[in-house]
Amino acid sequence: MIKKLGEILVSKGIINEEQLRRALRNQEEKNERIGINLLEIGAADEKVLLEALSEQLGVEYVILKDKEIDSNVIGMLSKDAVKKHSVIPVRLQGFSLVIATAEPLNMWVLEEIQRITGYECEAELALEIDIKEAIKKYYGE
């Protein structure tokens, strides 16, 4: 059984029960992911969240603001495609295109990216807010 993100963070002593309750209340009110709420209330930082989510989902993570992405890789997907699927191409790895996404287990998106590019598609976890910032940076508003 997959542990919930909040449970992982509490068990590691990163957040306490009160911070978890507060983030869950905010999640209900704002209809945002719990990780975003934990960031907003200052209970956890981006790296800690990504590490916990990576553990929860069993996938690698990438911190996009720490990366400079090659323009040839960016050119593999159109602005419309990255906005529609909320992904950012990160790098070529052999015959695979690695994309950053907040939903790395969404097979439909991976298959769609593969259809568009002709490359096998692998996903790494990234925070949705960072993906939006990367889309602005590399594709414009």
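Just so it is clear, the structure is predicted and the values come from calculations on it, not from any experiment.

### Side note on the pairing of strand E2 (residues 96–101)
Part 1: Buried residues dominate E2, accounting for six of its six residues.
Part 2: Because side chains alternate across E2, one face comprises the buried residues Ser96, Val98 and Ala100, and the other comprises Leu97, Ile99 and Thr101, equally buried.
Part 3: As defined by bridge partners, strand E1 (residues 87–93) adjoins E2 across six bridges and the pair is classed as antiparallel. Opposite Ile88, over in E2, you have Ala100 as the bridge partner.

### Quick look at the environment of Lys83
Part 1: Note that Lys83 resides in helix H6 (residues 79–85).
Part 2: Exposure remark for Lys83: the relative accessible area of 48% places this residue in the partly exposed category.
Part 3: Lys83 sits 34 residues away from Leu49 along the chain, and the two C-alpha atoms are 23 Å apart.
Part 4: Contact partners of Lys83, with chain neighbours within four places excluded, come to Ile135 and Glu141.

### Details of the nonpolar core
Part 1: Membership of the largest hydrophobic core comes to 26 residues, with the highest contact counts inside it found for Leu64, Ile88, Ile99 and Ile113.
Part 2: Taken together, the elements giving at least two residues each to this core come down to helix H5 (71–74), H6, E1, E2, helix H7 (107–117), strand E3 (120–125) and helix H8 (128–139).
Part 3: The element best represented in this core is H8, accounting for four residues.
Part 4: Sequence-distant contacts of Ile88, that is, excluding residues within four places in its chain, are made with Leu64, Ile69, Ile74, Val98, Ile99, Ala100, Ile131, Ala134, Ile135, Tyr138 and Tyr139.

### What to know about unusual backbone geometry
Part 1: The residue Asn31 is not glycine, and still its phi comes out positive at about 55 degrees.
Part 2: With respect to the helices and strands, Asn31 occurs in the loop between helix H2 (17–30) and helix H3 (34–40).
Part 3: With phi around 50 degrees, Ser86 is a residue other than glycine that occupies positive phi space.
Part 4: Among the secondary structure elements, Ser86 is positioned in the loop between H6 and E1.

### Quick notes on the sheet that holds E2
Part 1: Across the sheet, three strands lie side by side as E1-E2-E3; this open sheet has mixed pairing. Each end of this open sheet is capped by a strand with a single partner; those strands are E1 and E3. Taking the axes of each pair of neighbouring strands and ignoring which way they run, one obtains an average angle of 30 degrees across the sheet.
Part 2: Here E2 runs beside E3; their pairing, made up of six bridges, is parallel. When the bridges of E3 are listed, Val98 appears paired with Glu122.

What counts, and at which threshold
Along each chain, residue indices are assigned from 1 in the same order as the chain's sequence is written. Confidence filtering applies because this is a predicted model: local features only for residues at pLDDT of at least 70, side-chain atom pairs given and counted only at 80 or more, and all residues used for totals across whole chains, interfaces and linings. As a rule here, side-chain values come from all non-hydrogen atoms in the structure, and water together with hydrogens is ignored. Whether a residue is buried, partly exposed or exposed follows from its accessible area with a 1.4 Å probe, protein chains only, as a fraction of its type maximum: under 20%, in between, or over 50%, in that order. Helix numbering and strand numbering both begin at the N terminus, where a helix is a DSSP run of H or I of at least 4 residues and a strand a DSSP run of E of at least 2. Any two strands with at least two DSSP-identified bridges between them are counted as paired. The contact rule is simple, with two residues in contact once any of their heavy atoms fall within 4.5 Å. As used here, the term nonpolar core means buried Ala, Val, Leu, Ile, Met, Phe, Trp, Tyr and Cys residues forming a set that is joined through side-chain atoms within 4.5 Å. Between the N-to-C directions of two axes lies an angle of 0 to 180 degrees, each axis being a line fitted to C-alpha atoms and, for a helix, fitted only over the stretch in contact.

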